[in-house]
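# Close look at the chain arrangement
So you can see what is in the structure, the chains are spelled out below.
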Amino acid sequence: MAAQDAGRVTIADIAREAGVSLPTVSRVLNGRADVSPSTRRRVEELLAHHGYRRRAAQPAGRAELIDLVFNDLDSPWAVEILRGVEDVAHASGLGTVVSAVHHRSTSARQWLVNLRARASDGVILVTSDLAPELHAELRRLGVPTVIVDPAGVPTYGIPTIGAMNWAGGRSAVEHLLALGHRRIGVITGPPTLLCSRARLDGYRAALESSGAEIDDRLVRQGDFSHEAGFRAGTGLIGLADPPTAIFASSDQMALGVYEAARQHGLRIPDDLSVVGFDDLPQVQWSPPPLTTVRQPLDEMGQVAARTLLRLIQGETLESPHIELATRLVVRSSTGPVPR
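To keep things clear, this report deals only with the structure shown in the data block. Keep in mind it's a predicted model, so treat the numbers as computed, not measured.

The next point concerns the pattern of salt bridges. Per the stated rule, a full pass over the model turns up 17 salt bridges. Between Asp 279 and Arg 294 there is a salt bridge; the shortest N-O distance is 3.9 Å. Taken together, the residues Asp 279 in the loop between β9 (273-278) and β10 (291-294) and Arg 294 in strand β10 connect sequence positions 15 residues apart. For Asp 279, a relative accessible area of 18% translates into the label buried. Judged by relative accessible area, Arg 294 falls into the partly exposed class, the value being 26%. A salt bridge links Arg 310 to Glu 315; its shortest N-O distance comes to 2.8 Å. Overall, Arg 310 belongs to the partly exposed group, its relative accessible area being 24%. Overlapping salt bridges bring together Arg 183, Asp 215, Arg 217 and Asp 241 as one network.

Quick look at the nonpolar core now. Here is a general trend for soluble globular proteins: nonpolar side chains tend to be buried in one another's company. Formed by 78 residues in total, the largest nonpolar core has its most connected members in Ile 124 and Tyr 203. Once residues lying within four places of it in the same chain are set aside, the contact partners of Ile 124 are Ile 66, Asp 67, Leu 68, Val 69, Val 85, Val 146, Val 148, Ala 304, Ala 305 and Leu 308. The next biggest cluster of nonpolar side chains, apart from the first, holds 13 residues, and it includes Trp 111, Leu 115, Leu 125 and Leu 134.

Calculation rules
Residues numbered from 1 in each chain as written. Predicted model: local features only at pLDDT ≥ 70, side-chain atom pairs only at ≥ 80, totals over all residues. Heavy atoms only, no water. Salt bridge = Lys/Arg side-chain N within 4 Å of Asp/Glu carboxyl O. Helix = DSSP H or I, 4+ residues; strand = E, 2+ residues; numbered from the N terminus. Buried < 20%, exposed > 50% of the residue type's maximum accessible area, 1.4 Å probe, protein only. Core = buried A, V, L, I, M, F, W, Y, C linked by side-chain atoms within 4.5 Å. Contact = heavy atoms within 4.5 Å.

Encoded structure:
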């Protein structure tokens, strides 16, 4: 990575070049001791090389820190949200502490202990499914909180930032219907997530409005991972009457379908059309480039950070819940029904 302007380089960029995780860079920036000397030296050298500006001296009563909490950090999806949050936080002179709780209550409780110790000014939770008692503790501490892509219908009075998942799912399937497809498979995300249910509802709405049959055998559950897409795609392709198109409700799962198709000797889009959801940077280079629904992940991170800054400053929000528009991006993975 060439040296970048100091106002633009992010800890995601530093982590990528150093070959370490995002929390590791965050720990180095915040002076934590639990980093090996060689790793610390490598990260420090890259921070200096790219001119990453550390936080200025803290005004009284302010830590000048925000916490960004994911369930997992092993997806390019998380990196895009982090990039958006960091753009805003860095420009505002705030440090960002990145954590992953890995769906474990013990990890979430330890994060809460650490949060109290460092007295962060605010928290951004991503696809939050923290237990109610942990949300209650955040309220008790008076820490301003924003949720990105909430796991369920918000019930804690916390501002949320999301995307128009139902409209995105519908637009993906309408595109396939316009190409003549009628047997359209879908691979969903975890049913506990609001975004998964909304994308599936969009799929069903598009089929219903066109008069196409909804065949429950064409609906497969995944978890947004490449492996889940491969397994579900293999199952759909192996049906006696397989679909001619598959809508995978994440790009990672769509790439898993690519591999399933390859192993079955199918060509995309000649034999099978595939649509994803997210528009991660790498899918424009996949063979063939993936048609997908663009979810503005970096913008979601930016809006979440700006919203949190307003809460920290004591401002009143005009609307506590914001949904950003999705957009279909047509590339080369979709085509007419094979003859």
